[in-house]
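Fold and contact review
This is what each chain is made of:
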Amino acid sequence: MADCIGSLIPGNRGGKVLVVQNFRFHRHERRGEKIHWRCWRQNCRAKVYTNLLNEEDQGIRVIGFHEEDHTHPQDETMVSRAQFRQRVEVQVRQDPTVPVRRVNNAEFVRHRRTVQGGERLSFGWKMANVLLEFKASAGDSEPQNRPVLIVGQLANLQQINWTQVKGKLQPVVTKEIWQAALSSLNPNPTDSCPLYLSHAAVAALPSRVSRHNSPSSAHFLTRLVRTCLPAGNNRCIVMVCERSEVFASACAISRAFPLFTRRSASSRRTEKKHVAVEFVSVGQDNGPLEVSTLECLANAADGVRLAARIVDTPCSEMNTDDFLEEIKAVGNGLGITPTIIRGEELKQKGFGGIYGVGKAAQHPPALAVLSHTPSGATQTIAWVGKGIVYDTGGLSIKGKTTMPGMKRDCGGAAAILGAFKATVKQGFKDNLHAVFCLAENSVGPTATRPDDIHTLYSGKTVEINNTDAEGRLVLSDGVVYASKDLSADIILDMATLTGAQGISTGKYHAAVMTNSEQWEAACVRAGRSSGDLAHPLVYCPELHFSEFTSAVADMKNSVADRENAQSSCAGLFIGSHLGFDWPGIWVHVDIASPVHAGERATGFGVAMLLSLFGQASEDPLLNSVSPLGAGTVKPASEDQMGRDCKRRRLI
């Protein structure tokens, strides 16, 4: 290429681009009397040199050429900046829908911005770079080389043999030091003890829990991992527990490693951090974990971290378009093409709830569906998620203290996406549909006003008396779509629906409402076995639904008396569009408070769904943690059987 003639053309971002034999070279630097130009194309990097030039000259002679010995992965994109910097800019040529790209074994997440000459997508580091691995055996290593945390209930820690942990502690920690550390632990409710400087520690979970807590002490486990795990790029966690607590413990550990960050120091850190998690089982079934179990734990943890990442991401990077890209990415990984109804099409098809909430936003609202329909399925299950990517409150606008954090209002849809991904990967015997009701409750000239009347997908009319009660509107469209169009036998909706949920059931327990007493009990048991705790709300439509009485429409969207079971009434609004006499199973889960702990998302809901519907899974571990099955079904009355025997049965 040396001694060739090139020409200058305008670049997309200003400046000039040197074109030589159809290769585009970008000005890199000036060295003395030479200008260095660089080109990245396919799997090579090349550099050419020219003399100092007149910017108007169109005949530029190349005086030197150098092809650098550096490979670049095949991709349908052209990288236009050094991939070793914190951000990679690409011009998407073939598939602009892919939200994540992999370059040099590092993942980059897509952001959109407009530049001169068209739209470009910038790819920033895909969040915090912690790789979490579940292993049957993490192997032996000295604590100086691989810091270690050993955690479990004190009684369980005292049951294990020194030979099971010495390979991770010796030579700096002896058997005597280990036994002395165990003797010093006095959990109230937790306790920890360093074993060797800041490289090794042992931590004890509560020795006992109440009936409304998980036997795994999942919330305490997450805290201990965050506070007691030594620092380092290659670390190990040894979890000592009974086999029945493995699933909940794995999900709790995964919550300690959130993915999303925009801290500049994290973006500059290129090395991957590895955390290996080894389970040591105690009790009757104390053998090593099977490969299938480890795979299930990895998929569950991936689902939890995916949901938490989406909830942590601000609306500037997770609007309805971006959420749809996340849905498409999950669908691509599972071989499923999502059904998407968005924008004006929602209005035309009668989705007055979703359209009315999101019509004022820059990015249009959408209803998206991922469907898993295996052969031999005997029933149809639908999960419906509230995906309000940001909630200003609309014209009934929130205050300056209550609006921050409303990026989390998509927590229900995020949990359903993470759970759907993990569930289908592990195999699911029945039809499963994930329905995502996506909108941004924004303020604008076309925003819904109080006193407006919307006709929802159920055909019922709703008088708007509070635009900040928007979640129930989008979910009502979603559950009716699941019933009408998907013919679902079991419908579960999950949402960050009411601030009153935290008052009703607290920061750690989701609020559950259902038309089935058996499913109410099953949700509570699923919460205990998964670590995503749940507690029932009052289900009494004959007393509470009158709160929505309207003089000009079928109902209002917000209660008349805010002191009368707010969370229950909000759930009843959704159920009323299905009909209180609907013969199927309807479950409503309000996760407004447990969706986050402090300023971080928890991925709440993923583990609960995996456990609650585990009986229909092909995975033995999910079968074992499911509260539903032949052994848990109570005989139904003749009246119940007469309503609809097929739809009333448990999985």
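The preceding data block contains the structure.
Since we're looking at a predicted model, the values are computed, not measured.

What about the overall build of the protein?
Scanning the protein from N- to C-terminus turns up 18 helices and 30 strands. Within the protein, the proportion of its 651 residues that are buried is 57%. By sequence separation, contacts in the protein at least 24 residues apart represent 69% of the contacts at least 6 residues apart. Accessible surface for the protein amounts to roughly 27100 Å². Of this, 47% is attributable to carbon and sulfur atoms.

Considering the sheet that holds strand β26 (residues 534–536)
Pairing is mixed in the open sheet, where 8 strands are placed in the order β18-β19-β21-β20-β24-β28-β25-β26. Pairing within the sheet leaves two strands with one partner each, and these edge strands are β18 (339–342) and β26. Direction aside, the axes of adjacent strands within the sheet are offset by 20° on average. Relative to strand β21 (residues 431–441), strand β19 (residues 366–372) runs antiparallel, the two being bridged by 7 bridges. Within β21, the residue paired with L367 across the bridge is C437. Strands in contact with helix α11 (residues 471–484) are β18, β19, β20 (380–391), β21 and β24 (490–495); relative to β20, the strand with the most contacts, it is inclined by about 155°. Sheet strands touched by helix α15 (residues 566–578): β24, β25 (510–514) and β28 (585–590). Its angle to β28, the strand with the most contacts, is close to 145°.

A short note on the environment of A500
Within the fold, A500 resides in helix α12 (residues 500–505). Between the C-alpha atoms of A500 and Q566, which are 66 residues apart in sequence, the distance is 6.3 Å. Excluding its chain neighbours within four sequence positions, the residues that come into contact with A500 are Q566 and S567.

Examining the sheet that holds strand β15 (residues 200–205)
Strand order across the open sheet formed by 6 strands is β12-β17-β16-β13-β15-β14, with mixed pairing between neighbours. Each end of this open sheet is capped by a strand with a single partner; those strands are β12 (130–135) and β14 (191–196). Neighbour-to-neighbour, the strand axes of this sheet turn through a mean angle of 20°, independent of strand direction. Two strands pair when backbone bridges link them, and β12 and strand β17 (residues 273–282) are joined in this way by 6 bridges, in the parallel orientation. In the strand pairing of β17, K135 is matched with E278. Taken strand by strand, helix α2 (residues 175–184) contacts β13 (148–153), β14 and β15, and its axis lies near 160° from that of β14. On top of the sheet, helix α4 (residues 246–255) reaches β12, β16 (234–242) and β17; it is set at about 150° to β16, its chief contact.

Quick word on unusual backbone geometry
Look at the link from Q170 to P171: it is a cis peptide, with omega at 0°. If you trace the backbone, P171 turns up in the loop between α1 (154–159) and α2. Across the junction of N188 and P189, the peptide omega takes the value -5°, indicating a cis bond. Among the structural elements, P189 can be located in the loop between α2 and β14. Of note in the backbone geometry, L197 takes a positive phi value of approximately 45° without being a glycine. By the element assignment, L197 lies in the loop between β14 and β15. Note on L197: relative accessible area 65%, which makes it exposed.

With respect to the pairing of β15
Counting buried positions over the 6 residues of β15 gives 6, a clear majority of the element. The alternating pattern of β15 places A200, V202 and A204 and A201, A203 and L205 on opposite faces, both of which are buried. By the bridge criterion, 6 bridges tie β13 to β15 in an arrangement that is parallel. By the bridge assignment for β15, V151 is matched with A203. Bridge analysis of β14 against β15 gives 5 bridges, and the strand direction is antiparallel. The residue of β15 that forms the bridge with Y196 is A200. If you look at the hairpin formed by β14 and β15, you'll find 3 residues sitting between the two strands, and L197 has a positive phi there, around 45°.

Considering the nonpolar core
Grouped together as the largest cluster of nonpolar side chains are 99 residues, with contacts concentrated most on F247, F257, F279, F323, W383, F436 and F613. Considering each element in turn, this core owes the most residues, 11 residues, to helix α6 (residues 291–312). One finds Y457, V462, L473 and Y481 within the second-largest nonpolar core, a separate group that totals 45 residues.

Let's talk about helix α10 (residues 411–425)
A rise of 1.5 Å per residue sets the reference length of α10, with its 15 residues, at 21 Å; its end C-alpha atoms lie 21 Å apart and thus fit the reference within 8%. When you tally the buried positions in α10, you get 14 out of 15 residues, the bulk of the element.

Brief notes about the side chain of H433
Summarising the element assignment, H433 is placed in strand β21. A polar atom in the side chain of H433 sits 2.7 Å from the side chain of S371. Those residues within four positions of H433 in sequence are excluded, and the remaining contacts are V369, L370, S371, T373, T380, I381, A382, W383 and L486.

The rules we used
Residues numbered from 1 in each chain as written. Predicted model: local features only at pLDDT ≥ 70, side-chain atom pairs only at ≥ 80, totals over all residues. Heavy atoms only, no water. Helix = DSSP H or I, 4+ residues; strand = E, 2+ residues; numbered from the N terminus. Buried < 20%, exposed > 50% of the residue type's maximum accessible area, 1.4 Å probe, protein only. Contact = heavy atoms within 4.5 Å. Areas by Shrake-Rupley, 256 points an atom, 1.4 Å probe, with all protein chains shown as cover. Pairing = 2+ DSSP bridges. Axes fitted to C-alpha atoms, helices over the stretch in contact; angles between N-to-C directions. Core = buried A, V, L, I, M, F, W, Y, C linked by side-chain atoms within 4.5 Å. Expected span 1.5 Å × (residues − 1). Polar contact = N/O pair within 3.5 Å; in protein donor to acceptor, adjacent residues only side chain to side chain.

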